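Take a look at the letters that make up each chain.
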Amino acid sequence: MGGKGSAKRKNKGKKSGDPRKQGQGRAGGGVRNDYRDAAFTNSQVVGQGSLKATTVVQQYAPVPTALDALPALPQEFTGRADDVAFILEVLNPERTGGGPAVAVLSGWGGVGKTTLAYAAGHAAQQQNWFTGVLLVDLRGYDPHPAQAEDALEALLRSLGVRPEHLPPPGAGREVLYRSQLNAREAAGERLLVIADNASALAQVQPLLPPGHHGMIVTSRDGLAGLGRMRTVNRLQPEDAVALLQAALKKNDPDDVRVEEDPGAAERVVLACGCLPLALQITAALLAQDPGQPLAERADALSQTEGVLDGLSDGHRSLRAMFDQSLERLSLQEQDLFRLLSLNPGPDIATPAAAVLAGQPQPATERLLGRLAAGHLIERTPAARGRWQMHDLLRAYAHEQAEAVKARGRDPRRRYKQARTRLIDHYIQSAEAADTHFHPPGNVVSSRFADREQALAWFDAERENLIATAHTTPQAGRALGFALGFYLDWRRRLQDLVVVRSLALDACRTLNDTRNEASAWNNLGNVLRELRRFDEAHDAHETARTLFQQTGDTHRQAMAWNNVGTAYRGLGCFEEAVEAGQQAVAMFIEAEDWFRAGEGWGELAMALTAAGADPGKVRDAWNESAAAYARVGADEEAAASRAHTDNPEILEE
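Broken down by element type, the protein carries 27 helices and 10 strands. Going through the 652 residues of the protein one by one, you find that 50% of them count as buried. At a minimum sequence separation of 6, the contacts of the protein that also span at least 24 residues come to 68%. Of the roughly 30000 Å² of accessible surface on the protein, 49% is carried by carbon and sulfur atoms.

Written out as structure tokens, the structure is:
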């Protein structure tokens, strides 16, 4: 789409076979408005003694209209082809399906809704679909939004109605507005009304044009019931880079910073959230400092603290725009918006949000829906009942939360309690789901109906749980153990290294020697699966020593078994056989037949690798099968679990 303004209409001022092109003798193609007032009647002497009555009529000049006021597009407009196509489909006079030709564009502040509406208006005029465009800014997010009667007055003036002919505020203005548009339709005209920055249905409904006229409405809220709705999303990164480049070159055609460092340019646009307003502010700041490298600007924008400070150029401010949206929320909605910044992960489920808010789930869901309607949060596309917040809005919500906490001890305590509730919710749910992955014979939590439900919950919450594990040592320890079976089941081994390491660090911070041994053992397991055998051997040896010091012979046997596996990975087969024999003996002594089955299987593989007598190998496999049979597990099921060792956490 280009930014060249509206196309000139053809055959202007001439008769045409197309009735829409008639009556265009003045700018905007408006019908003529000649208001005639009888001024006075006078008598003149005509001939001898006869009088002739003469009526003098005063005729006002044609009233100017404002139907050609569509602004030119900015040079940097880009990346909205699909959105423009959608709007044109709605405005097409030959569209199928009927219904009003009304497109409602919603999206959060700064996403480019107004410019998109102008672009669609230009594209529609290039198709000769409209003879004029009416613009009205409803200022829906200002402290004093425009009322419908004020908007009607502005539109009527644009249509050429003189001030003295305007009805007083009320229904009369809407009647006159509709009659004016009906008259223009009868004259073969079709107008496009663009109502920008609406915040409520009551602002827009009286402005809906009758007949075959068209309308585009922009709003930060979802205004259902007006027409076809479309959410305007952020730009794609490549389009955002193109916008930044065009904005810089508009100021200085020789500015080549984007071309010279495309990687830094991408970092800049991602830090701006690919949000057009943020990109334009950033381009203005870069234009003021032509010597600043893009990498330096990207580094400044990437700082979590004060990121919004870097998105203000003295005239435009992303924070100010967010302030306008926040102020329109109810107190409950504002409170939940701030609380959502406490969630450590990228999105949140409705039940978790209810825990965070300390409110019943149905009430919380209603509040979340209203926040989403205002585009302060958005529904996660991949799953129902989940909500996410853009990074810039999260930074703003965090600022707002910190401001509330700064008011005193009670707000600080309240936010701390909310955060603790959420962390406890994640830990308790993860521990309950984890029970469905334990070996046969263990107690299973009733919080989840079965393993499939537990697995689905883990899949949905994985990123939140890993982020939560970073929040406190207690959370790191608990989730480091609770996530083990699941992450291994999904073979997310790098994630498993992270949570195992967090659990180990947490145990050492908390001076929890008993669980530290298990943490070493678990870390060794995943290192072994990643074929980092040297590190795995050291981890298992450390675990074995700690288990021996604490007198935990059962877990000491597990460590022996894992030491043997690490030896086998290192090619130390004789040592692997000795470690395996020690492990089997200790499992049998503890009557842990499932682990004994694992131990015999590992010993059989070590014997094979060491070149032992085939009869000894066969005997070891037979012992493994017999041990599994004692607990009702078949070898295939056991084999799928043999690579995991995740003992339950031992509470202090």
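In this fold, glycine 385 is placed in the loop between strand E9 (378-379) and strand E10 (386-388). Overall, the relative accessible area of 29% leaves glycine 385 in the partly exposed class. A sequence separation of 34 residues divides glycine 385 from proline 351, and the C-alpha atoms of the two residues are 8.6 Å apart. When sequence neighbours within four positions are dropped, the list of residues in contact with glycine 385 reads Ile348, Ala349 and Thr350.

Moving on, we get to the sheet that holds E9. Spatial ordering of the open sheet is given by E8-E10-E9, a layout of three strands whose pairing is antiparallel. Of all the strands in the sheet, the pair left with one neighbour each is strand E8 (347-349) and E9. Here E8 pairs with E10 via three bridges, running antiparallel. In the strand pairing of E10, aspartate 347 is matched with glutamine 388. Sheet strands touched by helix H13 (residues 350-357): E8 and E10. Its angle to E8, the strand with the most contacts, is close to 90°.

Now for the nonpolar core. Formed by 133 residues in total, the largest nonpolar core has its most connected members in Ile87, Ile216, Leu318, Phe337, Leu340, Phe458 and Leu483. In terms of residues, this core owes the most to one element, helix H16 (residues 409-434), which gives nine residues. Core analysis: the second largest hydrophobic core is formed by 26 residues, Leu155, Val204, Met215 and Val217 among them.

What follows concerns helix H11 (residues 318-327). Of all the residues in H11, the buried ones are Leu318, Met321, Phe322, Ser325 and Leu326. Seen from one end, H11 has its buried residues packed into an arc of 140°, which puts them on one side. Those residues of H11 that are buried lie in contact with helix H9 (276-288), helix H12 (331-340) and helix H15 (391-405). For H11, the N-terminal cap is serine 317; the gap from its side-chain oxygen to the backbone nitrogen of arginine 319 is 3.3 Å.

Attention now goes to the packing of helix H21 (residues 513-529) against helix H23 (residues 553-570). At a closest axis distance of 11 Å, the pairing of H21 and H23 adopts a crossing angle of 25°. Of the possible angle classes, the one that applies to H21 and H23 is roughly parallel. Like other packed secondary-structure pairs, H21 and H23 cross with a definite hand, here left-handed. Every residue of H23 that contacts H21 at Ser518, Asn521, Asn525 and Arg528 is listed here: Arg555, Met558, Ala559, Asn562, Thr565 and Ala566. Class assignment of the residues belonging to the contact of H21 with H23 gives a composition of three nonpolar, five polar and two charged.

With their axes 7 Å apart at the nearest point, helix H25 (residues 593-610) and helix H26 (residues 614-630) run at an angle of 165° to one another. Relative to H26, the element H25 is oriented roughly antiparallel. By crossing handedness, the relation of H25 to H26 is classed as left-handed. Note on element contacts: H26 touches H25 through Lys616, Val617, Ala620, Trp621, Glu623, Ser624, Ala627, Tyr628 and Arg630, opposite Trp593, Phe594, Ala596, Gly597, Glu598, Trp600, Gly601, Ala604, Met605, Leu607 and Thr608. Counted by class, the contact of H25 with H26 contains 12 nonpolar, four polar and four charged residues.

This structure, assessed with the given rule, holds 31 salt bridges. Where glutamate 76 meets lysine 250, a salt bridge forms, and the shortest distance between an N and an O atom there is 3.1 Å. With glutamate 76 in the loop between strand E2 (50-59) and helix H1 (81-91) and lysine 250 in helix H6 (residues 237-251), this pair connects stretches of sequence that are 174 residues apart. Classification of glutamate 76 by relative accessible area gives buried; the value is 7%. One connected set of salt bridges, linked through shared partners, spans Arg80, Asp83 and Arg230.

Take empty space enclosed by the protein next. Scanning the entire structure with this criterion turns up six cavities of 30 Å³ or more. A volume near 90 Å³ is recorded for the largest cavity. Along the walls of the largest cavity sit Pro74, Glu76, Phe77, Thr78, Arg80, Val111, Gly112, Thr115, Leu235, Leu243, Pro276 and Gln280, which together make up its complete lining. Of the residues assigned to the lining of the largest cavity, the class counts are six nonpolar, four polar and two charged.

Here five strands make up an open sheet; going across it, the order is E4-E5-E6-E3-E7 and the pairing parallel. Either end of the sheet is taken by a strand with one partner, and the two such strands are strand E4 (132-137) and strand E7 (228-231). Mean inter-strand twist for the sheet, computed between neighbouring axes without regard to direction, equals 15°. Sheet analysis places strand E3 (residues 101-106) next to strand E6 (residues 214-219), joined by six bridges and oriented parallel. Each bridged residue has a counterpart across the sheet, and for valine 102 the counterpart in E6 is methionine 215.

Another point: the environment of glutamate 153. Within the fold, glutamate 153 resides in helix H3 (residues 148-158). Take glutamate 153: its relative accessible area is 22%, and that puts it in the partly exposed class. C-alpha of glutamate 153 to C-alpha of proline 167: the two residues are 14 residues apart in sequence and 8.9 Å apart in space. In this view, glutamate 153 contacts Leu166 and Arg173; residues no more than four positions away in its chain are not counted.

In this structure, arginine 139 takes a positive phi of about 45° despite not being glycine. Arginine 139 gets classed as partly exposed once you look at its relative accessible area, which sits at 36%. With a phi angle near 55°, asparagine 511 is a residue other than glycine that sits in the positive phi range. Of note, asparagine 511 is situated in the loop between helix H20 (493-509) and H21. Classification of asparagine 511 as exposed rests on a relative accessible area of 65%.

In the predicted model, the protein carries a mean pLDDT of 85, and the fraction of residues at 70 or more is 86%. Averaged pLDDT values for the elements of the protein fall to 34 in strand E1 (residues 36-46) and rise to 98 in H13. Predicted confidence is poor over residues 1-64, with pLDDT under 50, and the contacts of this stretch with residues over four places away or in other chains come to 119 contacts. Contacts of residues 636-652 to residues separated by more than four positions or lying in other chains number 53 contacts, the stretch itself having pLDDT below 50.

Conventions used here
Residues numbered from 1 in each chain as written. Predicted model: local features only at pLDDT ≥ 70, side-chain atom pairs only at ≥ 80, totals over all residues. Heavy atoms only, no water. Helix = DSSP H or I, 4+ residues; strand = E, 2+ residues; numbered from the N terminus. Buried < 20%, exposed > 50% of the residue type's maximum accessible area, 1.4 Å probe, protein only. Contact = heavy atoms within 4.5 Å. Areas by Shrake-Rupley, 256 points an atom, 1.4 Å probe, with all protein chains shown as cover. Pairing = 2+ DSSP bridges. Axes fitted to C-alpha atoms, helices over the stretch in contact; angles between N-to-C directions. Core = buried A, V, L, I, M, F, W, Y, C linked by side-chain atoms within 4.5 Å. Arc of directions from axis to C-beta. Polar contact = N/O pair within 3.5 Å; in protein donor to acceptor, adjacent residues only side chain to side chain. Parallel < 35°, antiparallel > 145°, perpendicular 65-115°, else oblique. Left-handed = near helix turned anticlockwise from the far one by under 90°. Nonpolar A, V, L, I, M, F, W, Y, C, P; charged D, E, K, R; others polar. Salt bridge = Lys/Arg side-chain N within 4 Å of Asp/Glu carboxyl O. 1 Å grid on protein atoms, 1.4 Å probe; cavity = no way out; pocket = protein on both sides within 12 Å on 5 of 7 lines; lining within 4 Å. Points joined across faces, edges and corners; volume = space filled by probe spheres on them. pLDDT = per-residue confidence, 0-100.

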